[in-house]
Amino acid sequence: MNKKYRRLGNIVAVSIPMVIIGATIQRVYAEEVQNPIVAEQTSVETMNNQEVTKEAQDSIVKEQSSSETTNDQNDQEVTDDNITQKPDVNYEAHVQDKGWQTPVINGETSGTVGERKRIEAIKINVNSNVAGGVEYQTHIQGIGWQDWVKNGQIAGTTGQSRRVEAIRIRLTGELASKYHIYYRAHVQNYGWLSWAKDGEYSGSQGYGLRMEALQIKLIEIGKEITDSGIAFQSPSIKYRAQLQGTGWQDYRNDGQVAGTIGQSRRMESVKIELVNPELVGNILYQTHIQNYGWETNWAKNGELSGTVGQGLRLEAIRIKLDGAVANDYNVYYTVHAANIGWLGWAKNGENAGTSGASLRLEGLIIRLIKKGDSAPTLIGSINTPYVANQTIYYRAYVDDSGWQTNVKDGETAGTTGQSKQIDQIVIEQPDTNIDGTVEYRGQIQNIGWQSAWTQAGNQLGQLGSRLEAVQIHLTGELAKVYDLYYRAHCELFGWEGWARNGESAGSKGAGFRMEGLQVELRVKGSSAPGTRDSAYRDVTNMVSRAQGYTSATNRLILLDKTHYRVGVFERSNGRWKLIHECLCGIGAAETPTVEGQFTTGPYRNVVHRRPTYNYWYVTQFFGDYLFHSVLYTTTQNPVQIRDGRMGIQVSHGCVRLSLEDAKYIFYQVPLGTKVVIYH
């Protein structure tokens, strides 16, 4: 039987006898007043009747109570006011375009499903005769987590068109010791999430998604809801970069790229935050800044690291966790460095990026991963997270002197100015734990290029035979993150330009000895130690061609237009011997340098002055065609170059040379010397 009808029956059962008793008392009292003679007897009788009536009434109440108790046992319902009744939770949502909805209770849906409408505010209450109440807080668009409210107060906003994104609910007082409060959210793009309980987070944060509906229910402690799904969707971390030319980007979430790829924009500063409120602790980070180096202090929890408005690049970064979150998670991060690309993953305070190479950071990815789980997969092909300039050692065996001690990092192995050949060299393994090695081979007198590569630490060359050129390269991961530069000091030519990563350095075709060697290991993409022009001079064809000509003097000049090279030869033992060779610039396409055989002179002059430029050490070889220096400003002496381009078609037909090379021809080549120009 329905509880309220049982209670009504009890009331009727008790009320009817009471009415009868009341009527009897009234009649007796009236008779007593009318007949005083029988008053005493009536009084006694009435007292007896009252005793009987009370006994009857007690009997009726006990009977009814016994009957109700029996029925309640079947329904497990209790009517005694001293026994706890099951509480109800009721709640209502303020919905976009609809306003406040009708309250619902005990797991019913408040809000909307399938209408794409946001919940903007929520009210929750618990009806119970158990001491305690309900508290709740919401995460609101543009505001974040609001303060806790309670017992029917409004959480959220109205009239501001702000979405509720997440919620937490908890019971207080004695209620919290007897019941769990379960709740789940219907979230944009996700649908119904799993159940949260007792102050846990439900909904989403960090994605800008609206909560569309909510269900809440009370469950007695010990009668849990079994649900292993996800109740709260939130990125673990967010970060943003301030970029050259564009300023601050929007925040990126765990695993997304902050910065740019392929736009050559430097990162200038960063901000990093832990987003998921379930992660307790701090995230700390420190950057390596152009001209400053590593920052002195660590930034944390959204603070700025780097610079703004100074045009300075970030070159490296390190990130670590602090507090409880550090016990459960590893923080991994990788950077995209200019000229290299994506480096390997660093973690927990390790360095990521480059140092000593003047390379900008362009991109950053951060991942928060539970301890024990696998590290992220490499984005590129490089395992190394941090690259700094490393030391490399090498030495030379010099004719008549023997083995020298090791030198390093651009120092000279061998000699200069002593006319002594290098017979052998050794290059040591680079001083780094990065996978890979260095290999080298040489061009040896009367042998030519070796076919096999010599491994690090081993001798290259033969005693008594001059080394004329070398090739040096890296292998493995070393080759991905470093450039190897080297140059040779050669007989006649002096220091050549810098070769790189297996290119040839030295000379070929003239039998010139290599006298000195310098080697440097630099971070990939760094600038070369010096000019890379003329690192290797193969003059075989020019020397061979020269043997077919005669000259009225003991000098001969050849100009190879294809390679922009000028060679000066001297007659020696019936052959033309190359004694000077250099780079030049020749006539532009519309004013080409003539080809054929000519002779120097008759005109020579130290300087030709023009209204806007001068050129120096002028030697005529045909009509208006001259050998002279590159163009200088109109000062008294050749101090400032106005146009120093060479190695291209650039002039009105004349042959442009460096000041030193023009001066060499001016003073070392007699007038009447044959000039041969070809392509």
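Just so it is clear, the structure is predicted and the values come from calculations on it, not from any experiment.

Draft legend 1. A look at the pairing of strand E17 (residues 237–243). For E17, the buried fraction is high: six of the seven residues fall into the buried class. The sheet contact formed by E17 and strand E21 (residues 267–274) spans seven bridges and is antiparallel. Bridged to Gln242 within E21 is Ser269. Note: E17 against strand E19 (residues 252–253), two bridges, orientation antiparallel.

Draft legend 2. Quick peek at the sheet that holds strand E50 (residues 565–572). The sheet built from five strands is open, its strands ordered E51-E50-E49-E61-E53 with mixed pairing. Each edge of the open sheet carries a strand with a single partner, namely strand E51 (575–583) and strand E53 (596–599). Averaged over neighbouring strand pairs, the angle between their axes works out to 25 degrees when direction is ignored. Strand direction decides the pairing type here: E50 and E51, joined by eight bridges, are antiparallel. Bridge pairing in E51 links Val568 to His580. In the packing of helix H7 (residues 659–668) onto the sheet, contacts are made with strand E49 (555–560), E50 and E51, and the angle to E51 comes to roughly 145 degrees.

Draft legend 3. Up close: the packing of aromatic side chains. Inspection of every chain in the model, using the stated rule, returns 14 aromatic pairs. When the centroid spacing of 6.3 Å and the interplanar angle of 50 degrees are considered together, the rings of Trp449 and Tyr536 count as tilted. Taken together, the residues span a long stretch of sequence, with Trp449 in strand E39 (residues 448–449) and Tyr536 in strand E48 (residues 536–538) at a distance of 87 residues. On the basis of relative accessible area, Trp449 is assigned to the partly exposed category, the value being 25%. Assessed through its relative accessible area of 24%, Tyr536 is described here as partly exposed. Judged by centre distance (6.4 Å) and plane angle (40 degrees), the rings of Phe621 and Tyr625 are tilted.

Draft legend 4. Inspection of the confidence of the model for the chain at higher detail. Mean pLDDT over the chain: 89, with 88% of residues reaching 70 or higher. Note that residues 1–83 has pLDDT below 50 and, in this model, 31 contacts with residues that lie over four places away or in other chains.

Parameters and conventions
- Residues numbered from 1 in each chain as written.
- Predicted model: local features only at pLDDT ≥ 70, side-chain atom pairs only at ≥ 80, totals over all residues.
- Heavy atoms only, no water.
- Buried < 20%, exposed > 50% of the residue type's maximum accessible area, 1.4 Å probe, protein only.
- Helix = DSSP H or I, 4+ residues; strand = E, 2+ residues; numbered from the N terminus.
- Pairing = 2+ DSSP bridges.
- Axes fitted to C-alpha atoms, helices over the stretch in contact; angles between N-to-C directions.
- Contact = heavy atoms within 4.5 Å.
- Phe/Tyr/Trp six-rings, centres within 6.5 Å; stacked < 30°, edge-to-face > 60°.
- pLDDT = per-residue confidence, 0-100.

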